[in-house]
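Fold and geometry: a report
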Amino acid sequence: MGPFDVPLDDERTQLEAFIEEYRGAIEAALDGLTEEQARRRLVPSATTLLGLLKHVTWMQRVWFEECVGGTPRRELGLVQTPDDSFRLADDDTIASVTAAHREACATARAVIADLPLDTVATGHRTGPRTLRWVCLQVLRELAHHCGHADILREQVLAD
């Protein structure tokens, strides 16, 4: 169900529909690509199509598992900085990074399933915020990086 299916539904349903749409879109940016294409660097930073998916996986784990769930990133086995979250290991593949993303999304859904949007999450190092704020931040990040992925995919396919 996408956002155009829920224009009159409650706020939670609408937020979740938008988040799910962008979760699918960032994965779809890798459809049909080779491993080399997914790893190709076209900009000076470490940003690649596969690196974008790895980063949004990390980002969702930070916001939902650390901030809302209360488990520190060290305990979660997460790198400490956003920049490091883009970096690919030699054994990262489209399949492995996609599987990690899907697992992170499933965990995120479970963490917030029974929480109202007004729930105050206190696990983020910069201070408390509501679950609504966290969902909006995740949506913002996903949309932002989907735009990057669209451009990188266009460049990769043009070569």
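First, a word on what this report is: a plain description of the structure on this page. Everything quoted here is computed from the prediction, not taken from an experiment.

**A few points about the overall build of the protein chain**
Of the regular secondary structure elements, the protein chain holds seven helices and two strands. For the protein chain, the succession of helices and strands along the chain, N to C, is α-α-α-α-α-α-β-β-α. For a compact globule of 159 residues, the expected C-alpha radius of gyration is about 15 Å, and the protein chain comes in at 16 Å, within 12% of that figure. On the principal axes, the C-alpha backbone points of the protein chain span a range of 45 × 40 × 25 Å. Expressed as a percentage of its 159 residues, the buried residues of the protein chain come to 42%.

**Details of the state of the cysteines**
Counting across every chain of the model gives zero disulfides. No disulfide involves Cys105; its sulfur sits 11 Å from the nearest other cysteine sulfur, which is in Cys146.

**As for helix α3 (residues 49-68)**
Residues spaced three or four apart along an α-helix face the same direction, because each turn holds 3.6 residues. Taking 1.5 Å per residue, 20 residues should reach 28 Å; α3 reaches 27 Å between its end C-alpha atoms and fits that length. Counted residue by residue, α3 has 18 buried out of 20 residues, so it is predominantly covered. The first or second residue beyond α3 is Gly70, which carries a positive phi of 85°.

**What about the pattern of salt bridges?**
In total, this model carries 12 salt bridges according to the counting rule given. Residues Arg23 and Glu20 are paired through a salt bridge, measuring 2.6 Å at the closest nitrogen-oxygen approach. Highlighted residues: Arg23 and Glu20, both in helix α1 (residues 11-28), separated by three residues, approximately one helical turn. Overall, the relative accessible area of 6% leaves Arg23 in the buried class.

**What to know about the packing of aromatic side chains**
Here the structure, examined in full by the defined rule, presents one aromatic pair. Directly above the aromatic system of Trp133 lies the positively charged group of Arg129, at a separation of 4.4 Å from the ring centroid.

**Remarks on the side chain of Thr57**
With respect to the secondary-structure elements, Thr57 resides in helix α3. Thr57 sits in the buried class, given a relative accessible area of 7%. Among residues more than four places away in sequence, those in contact with Thr57 are Val97, Ala100, His101 and Ala104.

**Regarding the nonpolar core**
Grouped together as the largest cluster of nonpolar side chains are 38 residues, with contacts concentrated most on Leu30, Leu49, Phe64, Leu131, Val134 and Cys135. The leading source of residues in this core is α3, at 12 residues. Excluding anything up to four places from it in sequence, Leu49 contacts Ala29, Leu30, Leu33, Ala38, Ala149, Leu152, Arg153 and Val156.

Basis of the calculations
- Each chain has its residues counted from 1, following the order in which its sequence is written.
- With the structure being a predicted model, the display of local features is reserved for residues of pLDDT at least 70 and the display and counting of side-chain atom pairs for 80 or more, all residues being used for whole-chain, interface and lining totals.
- No hydrogens and no water enter the side-chain calculation; it runs on all heavy atoms of the structure.
- Under the DSSP-based scheme used, a helix requires at least four consecutive residues in state H or I and a strand at least two consecutive residues in state E, with every element numbered from the N terminus.
- The globule rule used for comparison is 2.2 Å times the number of residues to the exponent 0.38, while the radius of gyration itself is calculated over C-alpha atoms.
- Partly exposed describes any residue whose relative accessible area lies between the buried limit of under 20% and the exposed limit of over 50%, with all areas from a 1.4 Å probe on protein chains only and scaled to the type maximum.
- The disulfide criterion is simple: two cysteine sulfur atoms within 2.5 Å.
- Take the residue count of a helix, subtract one, and multiply by 1.5 Å to get its expected span.
- Within this document, salt bridges are pairs made up of a side-chain nitrogen of Lys or Arg and a carboxyl oxygen of Asp or Glu, the two lying within 4 Å of each other.
- Stacked, tilted and edge-to-face are the three classes applied to pairs of Phe, Tyr and Trp rings, where Trp contributes its six-membered ring and a pair requires centres within 6.5 Å; stacked means planes under 30 degrees apart, edge-to-face means over 60, and tilted covers the rest.
- Think of it as a cone above the ring: NZ of Lys or CZ of Arg counts as a charge over the ring if it is within 6 Å of the ring centre and within 35 degrees of the ring normal.
- By the convention used here, residues are in contact when the closest approach between their heavy atoms is within 4.5 Å.
- Residues grouped as a nonpolar core are buried Ala, Val, Leu, Ile, Met, Phe, Trp, Tyr and Cys residues, joined through side-chain atoms within 4.5 Å.

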